[in-house]
Amino acid sequence: MLDVFLPQSCVGCGRAGARCCAGCAAEMAAAPARRLPRPSPPGLPDCWSATSYERAARRAILAYKERGAVALAGVLAQVLAFTVLTALAGTGGGWARGPFAVVPVPSAKRASRGRGHDPMGRLAGLVTRHLAAAGLPAEPWTALSQARRVSDQAGLSSTQRVANLAGSLCVPRSVKSPPAPSVLLLDDIVTTGASLAEAARALRAAGVRVPLAVTVAATRRRS
């Protein structure tokens, strides 16, 4: 309701108008590339992101996830879909010529309740539509659920994050069978890669391949 009645400005640069102006949207989609964390956790799929976690991308992700700016979903989904297409072109992506599923990495249940929406679930649905419009046989599959509670990841090292998340995700028996033999994983940010590696482990345990993970942004790792 606030978005309807109050003057709008771009979350990236503050310019009056759209919630994400054309310039900031272009900045986020300007440099999709393989961005693997170093060191990478065991089981991490090939990982591509649209950009680094800074400037417009950082502000847009925070506004969308934490401040309920769901109007940004369209722009972020376009950025993700473009990154997927770039990754497939850059790697050959033969597995994507047949049907594949688009699976979001879920937030912790308490985080979803606090935010009042499912950020990655919404983006996965929109990304699937963009990929289907581009002629790719993509289907959404909300497969992953929290198997147990985890501690807050803030301040944890890469090794600690892997231990914290080990066994935290699963594909429940109540979930329908995989719609395709391969899965494209989606998340907002890759930092250490622990979340994506755990999601890939749970999906492989359900009998599917996980050749690629795509995120909006990747953090710059510092020693």
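Scroll up for the structure.
Here is what the cut-offs are and how they apply
- Residues numbered from 1 in each chain as written.
- Predicted model: local features only at pLDDT ≥ 70, side-chain atom pairs only at ≥ 80, totals over all residues.
- Heavy atoms only, no water.
- Helix = DSSP H or I, 4+ residues; strand = E, 2+ residues; numbered from the N terminus.
- Polar contact = N/O pair within 3.5 Å; in protein donor to acceptor, adjacent residues only side chain to side chain.
- Core = buried A, V, L, I, M, F, W, Y, C linked by side-chain atoms within 4.5 Å.
- Buried < 20%, exposed > 50% of the residue type's maximum accessible area, 1.4 Å probe, protein only.
- Contact = heavy atoms within 4.5 Å.
- Axes fitted to C-alpha atoms, helices over the stretch in contact; angles between N-to-C directions.
- Parallel < 35°, antiparallel > 145°, perpendicular 65-115°, else oblique.
- Left-handed = near helix turned anticlockwise from the far one by under 90°.
- Nonpolar A, V, L, I, M, F, W, Y, C, P; charged D, E, K, R; others polar.
- Expected span 1.5 Å × (residues − 1).

Q: Please clarify how the side chain of Gln146 should be interpreted in this entry.
A: Topologically, Gln146 is positioned in strand 5 (residues 145-146). Only 3.4 Å separates the side chain of Gln146 from the backbone oxygen of Ser107, close enough to count as a polar contact.

Q: Mind showing me how you'd approach the nonpolar core here?
A: Within soluble globular proteins, side chains that are nonpolar tend to cluster in buried spots. The biggest cluster of nonpolar side chains holds 45 residues, and the ones touching the most others in it are Met28, Phe100, Leu131, Leu184 and Leu186. Sorting the residues of this core by element identifies helix 2 (22-28), strand 2 (46-52), helix 3 (55-66), helix 4 (73-91), strand 3 (100-104), helix 6 (119-133), strand 7 (182-190) and strand 8 (209-218) as the ones contributing at least two each. Apart from residues lying up to four places away in sequence, Leu184 is in contact with Val84, Trp95, Phe100, Ala101, Val102, Val103, Leu131, Leu212 and Val214. Formed by 22 residues, the second largest nonpolar core is a distinct cluster that contains Cys47, Leu144, Val190 and Leu203.

Q: Help me understand the packing of helix 4 against helix 6 in this model?
A: Packed helix pairs are specified by the crossing angle of their axes together with the interaxial distance, meaning the distance between the axes. In the contact formed by helix 4 and helix 6, the axes pass within 8 Å of each other and the chain directions differ by 55°. Between helix 4 and helix 6, the angle falls in the class oblique. Viewed along their axes, helix 4 and helix 6 form a crossing whose handedness is right-handed. Here helix 4 contributes Ala73, Gly74, Leu76, Ala77, Gln78, Leu80, Ala81, Val84 and Leu85 to the contact with helix 6, which in turn contributes Arg122, Leu123, Leu126, Val127, His130 and Leu131. The class makeup of the residues in the contact of helix 4 with helix 6 is 11 nonpolar, three polar and one charged.

Q: What am I meant to see in helix 4 here?
A: Every α-helix carries 3.6 residues per turn, so stepping three or four residues along brings you back to the same face. If you check helix 4, its first and last C-alpha atoms are 27 Å apart, about what 19 residues at 1.5 Å a residue would give, namely 27 Å. Among the residues of helix 4, Ala73, Val75, Leu76, Ala77, Val79, Leu80, Ala81, Thr83, Val84, Ala87 and Leu88 are the ones counted as buried. On its buried face, helix 4 sits against helix 2, strand 2, helix 3, helix 6, strand 7 and strand 8. Gly92 sits one or two positions beyond helix 4 and adopts a positive phi of about 95°.

Q: Would you take a moment to explain the side chain of Thr51 for this structure?
A: The topology assignment puts Thr51 in strand 2. According to the relative accessible area criterion, Thr51 is buried, its value standing at 10%. Other than its neighbours up to four places away in sequence, Thr51 contacts Glu27, Met28, Arg35, Ala57, Val216, Ala217 and Ala218.

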